[in-house]
Amino acid sequence: MATNETLLGAGFSDPVFQSQTAFRALLAALSEPGQARELAIAVAPPAGLEPASALALLTLADYETPIWLPAALRDGPAGAWLRFHCGAALVEDPARAAFAVIDGAALEPKLAAFNSGDDQFPDRSTTVIVQCAALTGGEVVTLEGPGIAGTCEIAPSGLRPGFWAELAANAALYPCGVDLILSQGARLIGLPRSTQILETR
Amino acid sequence: MTQTATRQHWMAVLARASRCEIEALLAQAGPQPEHEVLKAPETGTVMVEGRAGGAGRRFNLGEATVTRCVVRLGGGRMGFSYALGRDAGKARLAAITDALLQDESEAGPLRQGVGALAEKQQAARELASRKAAATKVDFFTLVRGG
Amino acid sequence: MYVAVKGGEAAILATHDLVAEARRGDESVPEIAVAQIREQMGLACGRVMNEGSLYDPDLAALALKQAQGDAIEAAFLMRAYRTTLPRFGSSEPLDTAKMAIRRRVSATYKDLPGGQVLGPTYDYTHRLFDFALMDEAAPGEVQARPAAQPLDASMPRVPDILGAEGLMEEEAPPEGDPRPFDLTREPVSFPAERDVRLQAMARGDEGFLLGLGYSVQRGFGNSHPFVGEVRVGEVCVEFVPEELGFAVDLGEITLTECQMVNQFAGSKDVPPQFTRGYGLSFGHSERKAMSMSLVDRALKAREFGEAATYPAQQDEFVLYHSDNVEAAGFVEHLKLPHYVDFQGELELIRRIRRERQERQDKHADQANEALPEAAE
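Summary of the structure given here. Only a predicted model underlies this, so the values are computations on that prediction, with no experimental measurement involved.

Observations concerning the interface of chain B and chain C
Logical step 1: Taken residue by residue, the interface counts 53 residues in chain B and 77 residues in chain C.
Logical step 2: Together, the buried faces of chain B and chain C total about 5,800 Å²; carbon and sulfur atoms form 61% of this surface.
Logical step 3: Among the residues chain B hides against chain C, the three largest losses belong to R57(B), L61(B) and E63(B). Together they make up 12% of the total.
Logical step 4: The closest approach of N and O atoms between D195(C) and R57(B), which form a salt bridge, is 3.8 Å.
Logical step 5: Connecting chain B to chain C are 32 residue pairs in polar contact (both at pLDDT 80 or more).
Logical step 6: Counting only elements with at least two residues in the side of chain B that touches chain C, the list comes to α1 (3-16), β1 (35-51), β2 (58-73), β3 (78-84) and α4 (109-133) of chain B.
Logical step 7: Top contributing element to the side of chain B that touches chain C by residue count: β1(B), with 11 residues.
Logical step 8: Across the side of chain B that touches chain C, the residue classes break down as 22 nonpolar, 15 polar and 16 charged.

Pasting the structure below:
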């Protein structure tokens, strides 16, 4: 632990107002899927966590919400940072996670490996933060569903092959299924389970 | 004792000490060191768990107020404090003390001071136990018949 | 039905002033300090901590001062304050076998390891006024005399002694020692498991549980209880912060524990044995812990295949009505304006009466018209 101690970056400098601001942004992102939001709050996230991912977890995670991270992040400064600031447990089993951070380009774990909730408690599914290379410049995807006026398009880049098919399969589980947050830099896009993938090109 | 057990011991002693006692303890060790507050003193709760029948199924008895603080000294050493109650000042002082203690030798002034506090706390516990012992029933049985 | 009605602000603000004055009472009498309540009204503080479900003697004393000694109002203040605090996590389960004993008695065994320790109890006081307490100018001798030797460092819990002989229902954690249900976070469903029942009773109203426990003894619950043990003392609270990864001793809290022993005739699957009820509460609060243990046993009716005929055996009844903050809220909300509600009822009653009158008048007319014919 002593080796990590000197490296540990700061969390919120003003926890009440900063977490409320971030919460509003996350709420807006998930209620208007496809619209990119910016989280303009300065924190010092550890290596491997996008600032937006770090802010989302600082805001939402606590000791009751286990977090899944790729092994390299879990055993490194990112794991220590989340343990310290959120008091959250880090789990190895994706199905036990309330929140997860995955690298969009990594082939594993699949979205289906996370907890999709059950009929009685669909709300207990995992919220998966997908870290992307960029939120633009990739395959264009047309979205439809609650919170979207008609349809909208997003084009995040750096996602693994078959990602959108996984997302379509996830949406088919509704009301179960995971909720997604795509993040890069200080920006994020919400993709809740209610959002349908119309087409990709 | 292992390193962790030693640290657990002084954290327990500090949790039971008053703010004034920790202030006096720190003063013995010289001027207060420069430090950065990583987690400002914050009061929250811990849900206290019991066990049915004392040893059975866990259940939630109720919460207790707890105040915590984390500091980092100039050299990078982190100090933690977690204690029942809502004393923010005590939490900060205890966290600084915890950080300093980790780099102090066994003969150092803080270790000695913690030892003295532990003895004082033990003496208070023993006195309370002796007062309770004064109410212990001494049965005597009247033998009837042959 | 509730309709927002404006007005009354000035009157409401004036009640705040009046309540402050009523709370203070006669200003020629010195004001009571929170520390005085904490130190000298410790049993009241214990009750407020239990029903407020928050261990903090200073806050309990403040709550009592602010509520003019109204225990339920004080518990409400504690509950409201609790909701503003972040929760850092759950403690390690308390180990009451390691309690620093101040009182420990058993009604089942005279000679038990560690002995019978009466402690600070009112059990052997005459219920006669001590008028000397009215004379604050003359402090009496209040230092208790210590014995030469302290008590044993740890004392076995009495039911564990019977347990060793196999005569006592076993209390072991279920497979995997699961985290307990938390009724402050999740909705309760019925039938409720033991962890839910114990949590609900721990924060439940002492008077309600006392009444239910009493009903069990009086024949509304088929129980033959003995106090296996009551113990009062201090227990360490340990917590493992995620970022440290080892247990931190947060200090000590005062607890009261009661193990109630009950007869059980046995069933097809279980040989005759003693069964138990468990009570645990904050502070020195024996009546609460004992009542809780009686009701805990009564609520095990289903597990033992007993008929749940009486209120104390019915988890839904007990759990839905034991919370005095909820109960007081629902009962006392009746004071709030129900003007429109009542206006509706008033209209209804008037209409029904009018229609009834019309019906009666009509019958009378018909009868009158019919009369001459009948006379013919």
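Comments concerning the sheet that holds strand β2 (residues 67-68) of chain A
Residues and elements named next belong to chain A.
Logical step 1: With mixed pairing, 7 strands are arranged side by side in an open sheet as β1-β9-β8-β5-β4-β2-β3. The outermost strands of the open sheet, each flanked by one partner alone, are β1 (37-38) and β3 (90-91).
Logical step 2: Across 5 bridges, strand β8 (residues 179-184) lies against strand β9 (residues 187-191) in antiparallel orientation. Bridge pairing in β9 places L180 opposite L191.
Logical step 3: Along the sheet, helix α2 (residues 15-31) makes contact with β1, β8 and β9, crossing β9 at roughly 45°.

Notes on the interface of chain B and chain A
Logical step 1: Residue-level contacts link 9 residues of chain B with 6 residues of chain A.
Logical step 2: Together chain B and chain A conceal approximately 690 Å² of surface at their shared face, both sides included; 56% is due to carbon and sulfur atoms.
Logical step 3: Per-residue buried area on chain B facing chain A is highest for K39(B), R72(B) and M78(B); these three make up 53% of the total on that side.
Logical step 4: For the pair chain B and chain A, the interface holds 0 salt bridges.
Logical step 5: Our count for the contact surface shared by chain B and chain A stands at 1 residue pair in polar contact (both at pLDDT 80 or more).
Logical step 6: Contributions of two or more residues to the side of chain B that touches chain A are made by β1, β2 and β3 of chain B.
Logical step 7: Looking at side-chain class alone, the side of chain B that touches chain A contains 4 nonpolar, 2 polar and 3 charged residues.

Rules used throughout
- The numbers attached to residues start from 1 for each chain and follow its sequence in the written order.
- Both sets of labels track the order of writing: A upward for chains, 1 upward for ligands.
- Two thresholds apply to this predicted model, a pLDDT of at least 70 for residue-level local features and 80 or more for giving and counting side-chain atom pairs, whereas whole-chain, interface and lining totals are computed over all residues.
- Water and hydrogen atoms play no part in the side-chain values, which are based on all heavy atoms of the structure.
- Here, residues are in contact when the closest pair of their heavy atoms is within 4.5 Å.
- Accessible area that two parts lose when put together, with a 1.4 Å probe and added across both, is what the buried area reports.
- Should a side-chain nitrogen of Lys or Arg be within 4 Å of a carboxyl oxygen of Asp or Glu, the pair is scored as a salt bridge.
- Counted as a polar contact is a pair of N or O atoms within 3.5 Å, where, for protein atoms, one must be capable of donating a hydrogen and the other of accepting one, and residues adjacent in sequence contribute only when both atoms are in side chains.
- Only DSSP runs of H or I reaching four residues or more are called helices, and only runs of E reaching two or more are called strands; each is numbered from the N terminus.
- All residues other than Ala, Val, Leu, Ile, Met, Phe, Trp, Tyr, Cys, Pro, Asp, Glu, Lys and Arg, Gly among them, are scored as polar; the first ten of these are nonpolar and the last four charged.
- For two strands to be treated as a pair, DSSP must find no fewer than two bridges joining them.
- To get an axis, fit a line to the C-alpha atoms, keeping to the stretch in contact for a helix; angles then go from 0 to 180 degrees between the N-to-C directions.

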